[in-house]
Amino acid sequence: MKSKNGYFGQYGGAFVSQSLSPLLQEIESNFKAYIQDDDFKNELECIQKNFIGRPTPLLYAENLTKHLNGAKIYFKLECLTNTGAHKINNAVGQALLAKRMGKKRIIAETGAGQHGIATACICARLGLDCEIYMGRIDMERQRPNVFWMEMFGAKVIPVDKGTKTLTDAVDEAFRVWETRTEDTYYLIGSALGPAPYPDMVREFQSIIGKEVKSQFLEREHSLPDIIIACVGGGSNSIGVFAEFLNDSEVELIGVEAGGNGEHIGEHSLRMSGKDASVGCIQGYKSFFLHDGDSLLPTHSISAGLDYAGIGPQLAFLGETGRIKFTKAMDNEAINAIKLTAKCEGIVPALESSHAIAEAIRIAPTLDPAKRIVVNISGRGDKDIFITSKAIASEEWSEFLSEEINRINTQNAV
Ligand SMILES: *Cc1c(COP(=O)(O)O)cnc(C)c1O
């Protein structure tokens, strides 16, 4: 389902400065043309197959299903892509588009660093200059991801304004873009921002749901009953849902981060909580946790779900009831990782674990003939500093302090 002039119901639009408007229009017309162009489609397919590693498998989570003794659970393994998360699907699509448009410099914002890594990765492959804007505090918190971005040849630029986190990184990327538009393309990382980004990101992520549909039909000769995905900005969820929007028999569930409490600053609930309302922030109209112009603090154990806005199409599909929104708490996500690792030999990202937590909750209540697909948006290696602290705090602290001793001893020699 495409937007109508950039709107999904009352949500969406493009609220940007006059200098950026023509640029967004240029991107939109190029996107519309290239997405129909055989040469572009072939190049995209080739890179999806040989660089990203698509199609990703659809795994029957047999042991988890037996353990829960209810509906059958399948995992769509986006965790097996290059860089280990679905974000690469979008980064590749937009980077190819930028290259066709003759842009040589890619800029992007990143919060936790996952979108920065995906962008830096494809820029390395395509030989494009890459600048990643990242809040100073996020850079300090996510040092390993900064390391990988720089390894890919990207310049990571600290943002010292405001709260020095994702929100400020987005503002800064827009500001920098305005000062240099001819050769520069702003590659947004989720299904949000001003039109045409929500349409583009959905299009490039919809490969997930298209694969699920054909893989599931081939194996089960019918459609799944329920599809579950976690929701940050909304790109992996709209990516897996898009192909099923018209299949009304398929229930679609989006899981937001319940964090560790009900108060502002303890969660990231836009659709499944009581604190969010309609606003017009960072270029688009949607549901936000905000007080007028500025976004409110949010929390989630998973960096990718720790965000105050949501893509306009998801806001609309939530309002119409096509997508049902629910939440999973920090500790439920941790429990989901433990169970998934033990049962299936898979370590999901903390974000994806929120979706698994919902499957764990509902599967036992459903008939064994029902089938659930959970989108495993990414792998959990990146979260080791958080998960290990939550699961084995003492051993982990001990390891870290010994590691520092080892480094100091080596340096002394
Ligand atoms: C960024 C991220 C998310 C959340 O972003 P969406 O745009 O909502 O998909 C989810 N899972 C992983 C692994 C991520 O890196």
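Residues numbered from 1 in each chain as written. Predicted model: local features only at pLDDT ≥ 70, side-chain atom pairs only at ≥ 80, totals over all residues. Heavy atoms only, no water.

## Brief notes about the sheet that holds strand E3 (residues 58-60)
Part 1 of the reasoning: The sheet built from 6 strands is open, its strands ordered E3-E4-E16-E9-E10-E15 with mixed pairing. Every interior strand has two partners, whereas the edge strands, E3 and strand E15 (323-329), have only one. Taking the axes of each pair of neighbouring strands and ignoring which way they run, one obtains an average angle of 25° across the sheet.
Part 2 of the reasoning: This element, helix H13 (residues 330-344), spans strand E4 (72-77), strand E10 (251-259) and E15 of the sheet and lies at about 90° to E15.
Part 3 of the reasoning: Sheet strands touched by helix H14 (residues 350-362): E4, strand E9 (226-230), E10, E15 and strand E16 (371-376). Its angle to E9, the strand with the most contacts, is close to 145°. (Pairing = 2+ DSSP bridges. Helix = DSSP H or I, 4+ residues; strand = E, 2+ residues; numbered from the N terminus. Axes fitted to C-alpha atoms, helices over the stretch in contact; angles between N-to-C directions. Contact = heavy atoms within 4.5 Å.)

## Here we look at the packing of aromatic side chains
Part 1 of the reasoning: Summed over the entire model, instances satisfying the criterion amount to 12 aromatic pairs.
Part 2 of the reasoning: Both rings, one in Tyr-60 and one in Tyr-74, keep their centres 5.3 Å apart while their planes meet at 35°; by these two values the pair is tilted. Highlighted residues: Tyr-60 in strand E3 and Tyr-74 in strand E4, separated in sequence by 14 residues.
Part 3 of the reasoning: Centroid distance Trp-177 to Tyr-186: 5.8 Å. Interplanar angle 75°. Geometry classified as edge-to-face. No difference in accessibility class separates Trp-177 from Tyr-186, as the two residues are buried.
Part 4 of the reasoning: Chaining the aromatic ring pairs together yields one cluster made of Phe-174, Trp-177, Tyr-186 and Tyr-197.
Part 5 of the reasoning: Positioned above the aromatic ring of Tyr-60, the side-chain terminus of Lys-72 is 5.0 Å from the ring centre. (Phe/Tyr/Trp six-rings, centres within 6.5 Å; stacked < 30°, edge-to-face > 60°. Buried < 20%, exposed > 50% of the residue type's maximum accessible area, 1.4 Å probe, protein only. Lys NZ or Arg CZ within 6 Å of the ring centre and 35° of its normal.)

## Comments concerning the domain arrangement of the chain
Part 1 of the reasoning: Domain parsing of the chain yields domain 1 (8-50 + 86-197) and domain 2 (54-84 + 206-388).
Part 2 of the reasoning: Distance from the C-alpha centre of domain 1 to the C-alpha centre of domain 2: 23 Å.
Part 3 of the reasoning: Each side of the interface is counted separately: domain 1 has 30 residues, and domain 2 has 32 residues.
Part 4 of the reasoning: At the boundary of domain 1 with domain 2, total buried surface from both sides reaches about 2,700 Å², with 62% on carbon and sulfur atoms.
Part 5 of the reasoning: The three residues of domain 1 that bury the most area against domain 2 are Phe-8, Tyr-11 and His-86, which together make up 27% of that side's buried surface. (Domains from an automatic or database assignment. Buried area = accessible area lost by both parts, 1.4 Å probe.)

## Describing the UniProt feature "modified residue: N6-(pyridoxal phosphate)lysine" (unreviewed entry) in the chain
Part 1 of the reasoning: UniProt tags Lys-87 as "modified residue: N6-(pyridoxal phosphate)lysine" (unreviewed entry).
Part 2 of the reasoning: Position of Lys-87 relative to the elements: it lies in helix H4 (residues 87-100).
Part 3 of the reasoning: In this structure, Lys-87 is in contact with Gln-114, His-115, Ala-118, Gly-189 and Gln-205, ignoring residues within four places of it in sequence. (UniProt positions renumbered as here; feature names shortened; annotations may be inferred.)

## Quick look at the pattern of salt bridges
Part 1 of the reasoning: Using the criterion set out here, one finds 30 salt bridges in the structure.
Part 2 of the reasoning: Notably, a salt bridge pairs Glu-43 with Arg-100, separated by 2.6 Å at the nearest N-O pair. Here the residue Glu-43 occupies a position in helix H2 (residues 38-52), and Arg-100 occupies one in helix H4, the gap between them amounting to 57 residues.
Part 3 of the reasoning: By relative accessible area, Glu-43 is classed as partly exposed at 31%.
Part 4 of the reasoning: Among the ionic pairs, Glu-131 bridges to Arg-105, the shortest N-O distance being 3.0 Å. Placement of the pair is Glu-131 in strand E6 (residues 129-135) and Arg-105 in strand E5 (residues 105-110), with a sequence separation of 26 residues. (Salt bridge = Lys/Arg side-chain N within 4 Å of Asp/Glu carboxyl O.)

## What to know about the side chain of His-354
Part 1 of the reasoning: Positionally, His-354 belongs in helix H14.
Part 2 of the reasoning: What makes His-354 buried here is its relative accessible area of 0%.
Part 3 of the reasoning: Residues contacting His-354, with those up to four places away along its chain left out, are Cys-230, Val-255, Glu-256, Ala-257, Ser-300, Ile-301, Ser-302, Leu-305, Ala-328, Met-329 and Ala-333.

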